[in-house]
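Structural features, examined
Here is what each chain is made of, one letter per residue.
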Amino acid sequence: MDCIFCQIVDGKIPSEIIYQDEEAIAFPDIQPQAPVHLLIVPKRHIPSVAHLAEAASALVGHLVNIANQLAENEGISESGYRLAINCGKEGGQAVPHLHLHLLGGRELSGKLG
Ligand code: 5GP
Ligand code: ZN
């Protein structure tokens, strides 16, 4: 499998892993779009949020909990931050492995679409 994020999960592509548990890992985005730009990624290969079965939807809640904790660690809980999941081509998803973006550390653009 040549999925970039699966290779990061497997340690085949080196990355600064800032959090991990049985289900998920987090690491800095290689092209940060804000002073804080982290990716929270399930270890299991799920192509996008659209592929998440009802039974697995708690996983997104888990990713959000991790993001909230990382925001706290990064000191941006009070100032605010954005969590984003891109889905599919027109949703701007470039890497076809589900991931949650945590962005913050400055006033973010108001544009979402
Ligand atoms: P998407 O557009 O799919 O929501 O976001 C994919 C993100 O993954 C992009 O922000 C991109 O910079 C990041 N990315 C792509 N390849 C790598 C990589 O090899 N390592 C890391 N850390 N981030 C990556
Ligand atoms: Zn993958």
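Anyway, here's the lowdown on the structure attached to this text. Predicted model, so just to flag it, every value in this text is computed and none were measured.

A closer look at the coordination of the zinc ion (ligand 2)
- Protein coordination at the zinc ion (ligand 2) comes from Cys 3 (SG), Cys 6 (SG), His 45 (ND1) and His 97 (ND1), with a distance range of 2.0 to 2.3 Å.
- Given four donor atoms and angles of 106 to 117° at the metal, the environment of the zinc ion (ligand 2) is assigned as tetrahedral.
- Read in sequence order, the donor residues for the zinc ion (ligand 2) give the motif C-x2-C-x38-H-x51-H. In this pair, Cys 3 is assigned in the segment before α1 (4-9) and His 45 in the loop between β3 (36-42) and α2 (58-74), connecting sequence segments 42 residues apart.
- What makes Cys 3 buried here is its relative accessible area of 8%.

Some details on the packing of aromatic side chains
- Counted according to the given criterion, the structure contains one aromatic pair.
- Ring centres 5.5 Å apart and planes at 75° place the aromatic pair Phe 5 and Phe 27 in the edge-to-face group. Of the two residues, Phe 5 is situated in helix α1 and Phe 27 in strand β2 (residues 24-28); the sequence distance between them amounts to 22 residues.
- Looking at Phe 5, the relative accessible area reads 6%, which means it is buried.

Re the sheet that holds strand β1 (residues 19-20)
- The strand order β1-β2-β3-β5-β4 describes an open sheet built from five strands, whose pairing is antiparallel. At either end of the open sheet lies a strand with only one pairing partner, and these are β1 and β4 (81-84).
- Examined bridge by bridge, β4 and strand β5 (residues 100-104) share four bridges and lie antiparallel to one another. Note on β5: the bridge partner recorded for Ala 84 is His 101.
- Along the sheet, α2 contacts β1, β2, β3, β4 and β5; its crossing angle with β3, the most-contacted strand, is approximately 150°.

Quick word on the side chain of His 99
- Looking at the element boundaries, His 99 is found in the loop between β4 and β5.
- Within the structure, His 99 has its side chain in polar contact with the backbone oxygen of His 97 (distance 2.6 Å).
- Discounting chain neighbours no more than four positions away, the residues touching His 99 are Phe 5, Leu 39, Ile 40, Val 41, Ala 84, Ile 85 and Gln 93.

Things to note about the pattern of salt bridges
- What the rule picks out here adds up to one salt bridge.
- The residue Lys 12 makes a salt bridge to Asp 10 at a minimum N-O spacing of 3.9 Å. Just as Lys 12 is exposed, Asp 10 falls in that class too.

Examining the nonpolar core
- Within the largest apolar cluster, 19 residues are counted, with the highest numbers of intra-cluster contacts made by Ile 40, Leu 52, Leu 63, Leu 70 and Leu 102.
- Breaking this core down by element, the ones donating at least two residues are β2, β3, α2 and β5.
- Residues within four places of Leu 102 in sequence aside, it is in contact with Val 36, His 37, Leu 38, Ile 40, Ala 67, Leu 70, Ala 71, Ile 76, Tyr 81, Arg 82 and Leu 83.
- Grouped together as the second largest cluster of nonpolar side chains are nine residues, Cys 6, Ile 25, Phe 27 and Val 41 included.

Definitions and cut-offs
Residues numbered from 1 in each chain as written. Chains lettered and ligands numbered in written order. Predicted model: local features only at pLDDT ≥ 70, side-chain atom pairs only at ≥ 80, totals over all residues. Heavy atoms only, no water. Donors = N, O, S within 2.8 Å, 3.2 Å for Na, K, Ca; no water. Tetrahedral: all angles 85-135°; square planar, octahedral: opposite > 155°, others 65-115°. Helix = DSSP H or I, 4+ residues; strand = E, 2+ residues; numbered from the N terminus. Buried < 20%, exposed > 50% of the residue type's maximum accessible area, 1.4 Å probe, protein only. Phe/Tyr/Trp six-rings, centres within 6.5 Å; stacked < 30°, edge-to-face > 60°. Pairing = 2+ DSSP bridges. Contact = heavy atoms within 4.5 Å. Axes fitted to C-alpha atoms, helices over the stretch in contact; angles between N-to-C directions. Polar contact = N/O pair within 3.5 Å; in protein donor to acceptor, adjacent residues only side chain to side chain. Salt bridge = Lys/Arg side-chain N within 4 Å of Asp/Glu carboxyl O. Core = buried A, V, L, I, M, F, W, Y, C linked by side-chain atoms within 4.5 Å.

Note that all results are geometric; they support no functional claim without further evidence.
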